Structure formats: C-alpha cells, structure tokens
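Breakdown of the fold
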Amino acid sequence: MNCNILVNGVNDIINILTLLISCQDGRPFIFLGYHVLTLAYGSFYAEAFIGVNIGTDLSDMPSPTQVVALLKAQNVWHVRLYDADRAMLLALANTGIRVTISVPNEQLLGVGQSNATAANWVARNVIAHVPATNITAIAVGSEVLTALPNAAPVLVSALKLIHSALVASNLDSQIKVSTPHSSSIILDSFPPSQAFFNRSWDPVMVPLLKFLQSTGSYLMLNVYPYYDYMQSNDVIPLDYALFRPLPPNKEAVDANTLLHYTNVFDAIVDAAYFSMSYLNITNVPIVVTESGWPSKGDSSEPDATVDNANTYNSNLIKHVINNTGTPKHPGIAVSTYIYELYNEDLRPSPLSEKNWGLFDANGTPVYILHLTAAGTVFANDTTNQTFCVAKDGADPKMLQAALDWACGPGKVDCSPLLQGQPCYEPDNVASHSTYAFNAYFQQMGKSTGTCDFKGVATISTTDPSHGSCIFPGSFGRNGTITNGTSLAPSSNDTSLGCPTQYFYRSCSFTTSVIIGAFLMTAVFL
C-alpha cells in the first residue's frame, strides 16, 4: 500500500491517522504526526519566538543606535516597526535581528490603488535595505477593519500589490506579507469552537485568508487579554487573564470540543483558528503581533499595575518560548510580539496608554521579568547586567537609613567602602548607597522588590562600576562575573559594633539607632 499522502490542511490529519492503521511498515505514528503539523504550517513555525514592538511616541526617543544596543543587550532578535524608518533600518543592518516593517494606515489607500506606488514603496523601504537589514515581513496597515473601515475595500489589493513587487525582486520567499487584525473582529469568542469572524467582513476576510494561504503567510492578530478582562464585568477572573495556574475545576471548558483553557490568550488564538476553519481555511498559522499589559493606569483601571504587567508578560513569554501551542493546536508555535519596548509618554489618555512598555526611554526596565529558565530573551532577568542604584535626588537621610540597613541586617559585605578600599571614592552617601543597594540586589538574585529601599533605589542597565571599583553583578575588566553573594561579617564580629565605618559619616551609632536598623528589616525587604 502507498502510505504517502499530500497534506493540504490540519483536517487531513484524521485521514492520515486512518491510513496509518493500514500501514505496517513500522513508521512511528507520533513522529509522522509531528511532520504532518510541520507540513501543514510550514517549517518556519516549528519554533516559537518572542519579539517586541517599537513605538516612537516618546518625548525623549532614544536614537536608533541606542535602540539597537538595548535590543542586543536584551537578546531580542525579532522586532516590529510601525513604519519603515530609514534611520532605524540602517541601525538594524548587519545585526541579524529579524524585522517586520509596516505600511502605515495613512499610506494604505495609495499603495492599494496603484501598482507603481506599491512598487516604489517596496523599492524605497525594502530593496534599499536588504540583505544587510534582515526584513522578514511587511505588515500592511494595522487593524484596518476596525480602525480604518473606509480603507477595507483596498486592503487585499494593497497586500497583493506589495507581494507582487516582492516577487519582481525575488524577495517573496524571504519576506511574508500580511496585515494585523484586532481580535474584536472575532464574534462569540467563547467557546472558541463557536467563534466566527464578523460576517460583514467576509468580502475582505475570505480573499485575504486565501491570499495568506497561497503565499505561505500567516494571520497577524493583536491579542489583549487585558481588555477582555476589563470589559468582562468580572466574568473573566484576573488569574485567567494573567496565565496564573488554575485548579482544574476553574478551567474554562469548551463543551463542543472538551478542550480545557487555562488562559484568555489561548482561547482568543483558538477562536481565530476556528473562525478561519469556518471559512474553509485550515492551514494558515497565527502570529500574535501585539500583546501585553499596562503597568500603570488611572482610577478606572485598578489592575493596570507593575505586578500584573510583570506577571502577564513573564508568563506569556514562558508560554510562547516553551512551544506550548494552544489546546486546538498543541505544539504549534504562536510567536508573539510584546507590546511594547518603551513607555510612550506622548500617547493620548487614558494613563494606561502611556505605560505598556518594558523600559523607560533611558533604558531602565519598568520591572524585572520573571524569566528564569525560559530562554535567553530579555536578558534583564537571565543575565547579570542589571543593577540597583540610588535614585537621583533621593533624600540623603533616607539613603543613609537604607544604607545602614543594607550593611547591617541586609548582610551586605560593605568592606569595599572602607577608606582605602576600591569603592571608598567618591566619598558620598549616594555613591556608597548605590554600592550597597546593588550588592543586596545581586545577592538576593535580583528578585522582585529587592531594589526599592522605601523608594530611594531603582533598577539600571548601566554598569555603575568605576575605576578599580567593580560592582557585584558586573563582568568587570577581565570579563569575569562578580557574584556579590558574600555576606556581611557574622553577628559576633566586632565590626558590627560600628557598621557605619563603611558609610559616608562618622562613627556615631547609638544603641537605639542599631535597634532601629534591625526594625527596618520589614520596611526595606
């Protein structure tokens, strides 16, 4: 019997499994099944990746070279730009970073109505930069059906004309063409098996999906569980939106498929898969072009917090990198771009719109992601290149109190701050505090909450080492890591009688101050 079969879609898996029952040549079922999925979705999607969106609505936007330096330092190798800025593309040249560029919505009508305009756009924004800049996708417009519905009639035309220009330049196999959609085009998204695209957009979605299918491209989808949670009137539990573990009796179950959903993200992605299947499209993969959680909001958005943003993005990244897939398509990559790299202070209200970033404009992390053992992306968690420093302009008295605690109850080895030692200079409370804060931060494994010290400390990606003073966590001059894990002298060491020998002020501790320092343990931890 001929056991070969042409795979046209995921639905063919059932036929293949039926055929395998009759095949006695010893080929492993699971192994073949894996390749069925690979064939159906393309080898490009065999391994998921995490990327990041780069918005530019900042009053102090870093230069393109600074942006690229941050990306490289954080091991981010996939980025999405909302335009095709020449300076940014030049800065990304020869880095190996995979770049998705965009046709902005305001250019969509021109590109969609003129072959010459589309060809010129590709010549100017693509051909002029490849192969030095690794452009791998073009996003034509953004959420056009919901944000710019008047342009919807030319959307598919714009994709086809851009693609034709790539074909003419022999770049179509290297660069995919698609368009990001808001998940709001999916109606009745739970249970996912009953979801469908808004039927009023069928004249656009049907030819669009057929275009994606014929060109080997993917559906770009923006997935924001934050908004689904906010708009659910407490129907969606916060833990369900944040990927937090749920007991089995709390998991959402699709009654039609009996698939269990432990998070909103997977449910939305599967809703899109089912919506495509109802239009007879079963082999177009999904790439999530935007997803994230705001770290700050106004009074109407109480769940826009640093902790929730950290939890969501950390769990999302681990979920994607682990190639978990979704309940409908386990093991099929759902590569995702985090929204976004920087907080954009020029974005319009509400406050949450300005606070989706992982970093401030100066490169300081808004929070330290919980990514241990989740891969190498976003090295502010998985390498030793983040530091805890005293905040500029912090109250010297508050710094001194925190310094006292770090070098006492905090068990930091502050001996490098002694007179004559490498970190004694500059001899001021801010400099000495920075050393002590960072040493504590490093010895605590840079865990959340260990760089605060009642608001006088902050995270920095700039190595504060200077001269012969090598800070814990720094690679130093010889490239070897300084762990900063040594503890302060034991409690019976006489140096504890006057711990301020390490500090910027004379030795004038009293018993009451020493007791106060120990009482501050709960304050600074």
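Heads up: the structure comes first, above all this text.
Throughout what follows, the structure given in this document is the object of discussion. (Residues numbered from 1 in each chain as written. Predicted model: local features only at pLDDT ≥ 70, side-chain atom pairs only at ≥ 80, totals over all residues. Heavy atoms only, no water.)

Quick look at the overall build of the protein chain now. Along the backbone of the protein chain there are 18 helices and 15 strands. A burial count over the protein chain gives 51% of its 525 residues as buried. Within the protein chain, residue pairs in contact and separated by at least 24 positions form 69% of the contacts whose partners lie at least 6 positions apart. (Helix = DSSP H or I, 4+ residues; strand = E, 2+ residues; numbered from the N terminus. Buried < 20%, exposed > 50% of the residue type's maximum accessible area, 1.4 Å probe, protein only. Contact = heavy atoms within 4.5 Å.)

Let's shift gears to the pattern of salt bridges. Scanning all chains against the criterion turns up five salt bridges. The closest approach of N and O atoms between R244 and D239, which form a salt bridge, is 3.0 Å. A salt bridge links R347 to E353, with the nearest nitrogen and oxygen atoms 2.7 Å apart. Assessed through its relative accessible area of 23%, R347 is described here as partly exposed. Connected through salt bridges with shared partners, the residues D57, R347 and E353 form a single ionic network. (Salt bridge = Lys/Arg side-chain N within 4 Å of Asp/Glu carboxyl O.)

Put simply, helix 15 (residues 396–407) and helix 16 (residues 429–443) touch, their axes get as near as 9 Å, and they point 40° apart. Accordingly, the angle class assigned to the pair helix 15 and helix 16 is oblique. When you trace helix 15 past helix 16, the crossing you get is left-handed. Counting all contacts with helix 15, which are made through P396, L399, Q400, A402, L403, W405, A406 and C407, the residues of helix 16 involved are V429, A430, H432, S433, A436, F437 and Y440. In terms of residue class, the contact of helix 15 with helix 16 is made up of 12 nonpolar, three polar and no charged. (Axes fitted to C-alpha atoms, helices over the stretch in contact; angles between N-to-C directions. Parallel < 35°, antiparallel > 145°, perpendicular 65-115°, else oblique. Left-handed = near helix turned anticlockwise from the far one by under 90°. Nonpolar A, V, L, I, M, F, W, Y, C, P; charged D, E, K, R; others polar.)

Time to look at the state of the cysteines. As used in these notes, a disulfide is a covalent bond between sulfur atoms, one from each of two cysteines. All chains considered together, the criterion is met by three disulfides. Through a disulfide, C388 is tied to C451; the S-S separation comes to 2.1 Å. Note on the C388 and C451 pair: the S-S dihedral is about 90°, so by sign convention the disulfide is right-handed. Here C388 is found in strand 14 (residues 387–390), whereas its partner C451 is found in the loop between helix 16 and strand 15 (457–460), with 63 residues between them in sequence. Residue C451 is classed as buried on the basis of its relative accessible area of 13%. For C407, the disulfide goes to C414, at an S-S distance of 1.8 Å. (Disulfide = S-S within 2.5 Å.)

What follows deals with the sheet that holds strand 5 (residues 176–178). Pairing in this open sheet of nine strands is parallel, and the strands run 5-4-3-2-1-13-12-9-6 from one edge to the other. For this open sheet the edge positions go to strand 5 and strand 6 (180–182), each flanked by a neighbour on one side alone. Between one strand axis and the next, the sheet turns by 25° as a mean value, whatever way the strands run. Across the sheet, helix 12 (residues 264–277) is in contact with strand 9 (219–222), strand 12 (286–291) and strand 13 (336–338); its angle to strand 12 comes to roughly 135°. (Pairing = 2+ DSSP bridges.)

A separate point is unusual backbone geometry. Cis peptide bonds are those with omega within 30 degrees of zero, and the linkage from F190 to P191 qualifies with 0°. Within the secondary structure layout, P191 lies in the loop between strand 7 (186–187) and strand 8 (196–197). The linkage connecting Y339 with the following residue, E340, adopts the cis geometry, with an omega of 10°. Secondary-structure assignment places E340 in the loop between strand 13 and helix 14 (379–382). Located in the positive-phi region is N94, a residue other than glycine, with phi close to 60°. Structurally, N94 is set in the loop between helix 4 (86–91) and strand 3 (98–103). Overall, N94 belongs to the exposed group, its relative accessible area being 69%. The phi dihedral of N233 is positive, around 55°, even though this residue is not glycine.

Further remarks concern the environment of E143. Its place among the elements puts E143 in the loop between strand 4 (134–140) and helix 7 (144–147). Residue E143 is classed as partly exposed on the basis of its relative accessible area, which comes to 22%. Note: C-alpha distance between E143 and N105 (38 residues apart in sequence) is 8.8 Å. Ignoring sequence-local partners within four residues, the contact set of E143 consists of L148, P180, H181, S182 and N222.

As a further point, take the nonpolar core. One finds L71, I101, W121, V126, I138, I162 and F378 to be the most contacted residues of the largest nonpolar core, which totals 109 residues. With 10 residues, helix 12 is the single largest residue contributor to this core. If we skip the residues at most four places from it in the chain, I162 touches V103, V111, A118, W121, V122, I138, V140 and V177. Counting residues in each nonpolar core, the second largest holds 28 residues, with L403, C451, V456 and C469 among its members. (Core = buried A, V, L, I, M, F, W, Y, C linked by side-chain atoms within 4.5 Å.)

Turning our eyes to something else, we now look at the pairing of strand 1 (residues 50–54). Across the five residues that make up strand 1, a large majority, five, are buried. The alternating pattern of strand 1 places I50, V52 and I54 and G51 and N53 on opposite faces, both of which are buried. In terms of strand pairing, strand 1 meets strand 13 through three bridges, oriented parallel. Residue pairing across strands places G51 opposite Y337, the latter belonging to strand 13. Crossover strand 1 to strand 2 (residues 78–81) through helix 3 (residues 64–73) is right-handed. (Right-handed = clockwise from strand over helix to strand, strands pointing away.)

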